Amino acid sequence: LSEKLQNALGKLKGKGKLTEKDVNDAMREVKLALLEADVNFKVVKDFISKVKDRCIGQEVMESLTPAQHVIKIVNEELTSLMGSVQSKISFASKPPTVIMLVGLQGAGKTTTCGKLASYLKKQGKKPLLVACDIYRPAAIKQLHVVGSKLGIPVFDMGDKQDPVYIANSGLEEASKKGNDVVIIDTAGRLHIDEDLMDELKNVKSKIKPHEILLVIDAMTGQDAVNVAESFNNALGIDGVILTKLDGDTRGGAALSVRAVTNKPIKFVGMGEKLEELEPFHPDRMASRILGMGDVLSLIEKAQEAIDIKKAKEMEEKLKSQHFTFEDFLEQLEQVKKLGPLNELIGMIPGLSNAKELKDVDFDDKELVKIQAIIQSMTKKERQNPSILNASRKRRIANGSGTKVQDVNRLLKQFEQTRKMMKQFADIEKSMKKGGKFK
Ligand code: GDP
Ligand code: MG
């Protein structure tokens, strides 16, 4: 999908003024690309008409070419299609928070129970896994294996008891042992049937979970979306976990599920390993689908917003390691002109998926904080951060209304930027010499 969309929109590039025909032609191709990606037909239709409405008769932003403006609108509409903001787990005001994972056989429920527990454990929660799949051979054992790998307790009562009773006993166990999150692994079927739904409904009405999360397999495309619709109608769900996104090249399920069910995707599974679960960010997904890992568009955008001469000077400084906090601040201010940071990061190939950046939330609030910290430094400190001792850091934190930890974090980021830039410069040097990457 990514490639198709890039092609469709790529044709608009370099156009000064767009005619209605340009937009129509591009939208026809976008439509085909979405349909081919197995996005629900109705969703595609609504999407295209929204984008068209917004494109035609709109003032083009000063900093963008008309073509970029269309791409921006497509990006925004893709984001809003997937729910705009990241949707988090809602925790119970009185623990334990009960999360029930449901879905068809093989969708990834048991694996995801483990992944989710591990994710929440890292946030300081104390999860308990409860084995309620009494049908699939070895399902209970599988959950135990997952639990023991992660050091997370698993509660089971064998396969002779009723799932409702097991789930309820699991809650009691959690209260006894002080677990503040209970994650219930339920049975699946190959297809949706009444027996399964009845069982799930019974568990639901007995234990009243705070979150019913439906696990669906991204690789099954529109089937997954149909499954989501049926589960939502029959049982009622609070959100979706989309697994096997690592093997999904089309992106159809990710794009349609929210529009069809009106329920958000909360997490995505990116692999078989138990750490491969990520919160779902609609904006990042949209950029990925649009193939925003596109240096050209980044450069185009940057050239308009950044003073080229200053940028050149900055580059020299970075390479020569004379890069100070003053430069850093100036650079931040330039970057701010470019728009939301997340969007920019997404445009840098390789960086958009970089592990280190995943957990960093580059929001603009963070930027304001960083600015305040740097502004609270003396000139000397900005030029030579190595003189920052504990008392100076405390003074800076006080002056900027932040904490010493924030100051330390910034120092670390600054050091990393400096190192990274040094590496880029070295790579560039070796490329100029005709050398190869090792
Ligand atoms: P369940 O029947 O719904 O409980 O599904 P399982 O948890 O047993 O998973 C079925 C298969 O899908 C297993 O082989 C998992 O390793 C695999 N799986 C689950 N999540 C992911 C994912 O995000 N990516 C990939 N590649 N495989 C996954
Ligand atoms: Mg299972």
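This one's a predicted model, so the numbers in the text were calculated from it and none came from an experiment. (Residues numbered from 1 in each chain as written. Chains lettered and ligands numbered in written order. Predicted model: local features only at pLDDT ≥ 70, side-chain atom pairs only at ≥ 80, totals over all residues.)

### Let's talk about the overall build of the protein chain
Here is step 1 of the chain: Helix and strand counts for the protein chain stand at 20 helices and 8 strands.
Here is step 2 of the chain: Taken over 438 residues, the protein chain has a buried fraction of 36%.
Here is step 3 of the chain: Contacts spanning at least 24 positions in sequence make up 76% of the contacts within the protein chain whose residues lie at least 6 apart. (Helix = DSSP H or I, 4+ residues; strand = E, 2+ residues; numbered from the N terminus. Buried ≥ 20, exposed ≤ 12 C-beta atoms within 10 Å, placed from the backbone. Contact = placed C-beta atoms within 7 Å.)

### Focus on the site of ligand 1
Here is step 1 of the chain: The local shell around ligand 1 holds 19 residues, among which G108, K109, T110, T111 and G269 are the closest.
Here is step 2 of the chain: Examining the composition of the shell around ligand 1, we find that 3 residues originate from one element, helix 5 (residues 109-122), more than from any other. (Near = placed C-beta within 6 Å.)

### Focus: the packing of helix 9 (residues 222-234) against helix 10 (residues 252-261)
Here is step 1 of the chain: Here helix 9 crosses helix 10 at 25°, and the two axes come no closer than 9 Å. Considering the angle they form, helix 9 stands roughly parallel to helix 10. Crossing hand, helix 9 versus helix 10: right-handed. Residue-level inspection shows Q222, A224, V225, A228, E229 and N232 of helix 9 in contact with helix 10, the latter providing G252, A253, S256, V257, V260 and T261.
Here is step 2 of the chain: Class assignment for the residues of the contact of helix 9 with helix 10 results in 6 nonpolar, 5 polar and 1 charged. (Axes fitted to C-alpha atoms, helices over the stretch in contact; angles between N-to-C directions. Parallel < 35°, antiparallel > 145°, perpendicular 65-115°, else oblique. Left-handed = near helix turned anticlockwise from the far one by under 90°. Nonpolar A, V, L, I, M, F, W, Y, C, P; charged D, E, K, R; others polar.)

### Quick word on the UniProt feature "domain: SRP54-type proteins GTP-binding" (unreviewed entry) in the protein chain
Here is step 1 of the chain: The residues that UniProt annotates with the feature "domain: SRP54-type proteins GTP-binding" (unreviewed entry) are residues 264-277.
Here is step 2 of the chain: Secondary structure across residues 264-277 comprises 0% helix and 43% strand; the distance between its end C-alpha atoms is 16 Å. (UniProt positions renumbered as here; feature names shortened; annotations may be inferred.)

### Concerning helix 6 (residues 139-150)
Here is step 1 of the chain: Here helix 6 spans 17 Å end to end across 12 residues, near enough to the 16 Å set by a 1.5 Å rise per residue.
Here is step 2 of the chain: Within the span of helix 6, buried status applies to A139, I140, L143, V146 and G147. The arc that holds the buried residues of helix 6, viewed along the axis, is 125°, so those residues lie on one side. Turned more than 90 degrees from where helix 6 packs its buried face, K141, S148 and K149 sit exposed.
Here is step 3 of the chain: In this fold, the buried residues of helix 6 make contact with helix 5, strand 2 (127-131), strand 3 (154-155) and strand 4 (181-185).
Here is step 4 of the chain: G151 sits one or two residues past helix 6 and shows a positive phi near 70°. (Expected span 1.5 Å × (residues − 1). Arc of directions from axis to C-beta.)

### A short note on helix 2 (residues 20-36)
Here is step 1 of the chain: For helix 2, with 17 residues, the first-to-last C-alpha span of 24 Å sits near the 24 Å given by 1.5 Å per residue.
Here is step 2 of the chain: Where helix 2 is concerned, the buried positions are A26, M27, V30, A33 and L34. Summarising the axial view, the buried residues of helix 2 lie within an arc of 120°, below the 170-degree limit, and thus occupy one face. Opposite its buried face, helix 2 presents the exposed residues K21, R28 and E36, each directed more than 90 degrees away.
Here is step 3 of the chain: Turning to helix 2, the residues buried within the fold contact helix 1 (2-10), helix 3 (41-55) and helix 4 (66-81).
Here is step 4 of the chain: Directly after helix 2, the chain includes D38, whose backbone phi takes a positive value near 75°.

### Details of the confidence of the model for the protein chain
Here is step 1 of the chain: Per-residue confidence for the protein chain gives a mean pLDDT of 83; residues scoring 70 or more make up 79%.
Here is step 2 of the chain: Scored below 50 in pLDDT, residues 349-360 shows 11 contacts in the model against residues more than four places distant or in partner chains.
Here is step 3 of the chain: Note that pLDDT drops below 50 for residues 432-438; the model gives that stretch 1 contact with residues more than four away or on any other chain.
Here is step 4 of the chain: Scored by ipTM, the complex comes to 0.99, with pTM at 0.69. (pLDDT = per-residue confidence, 0-100.)

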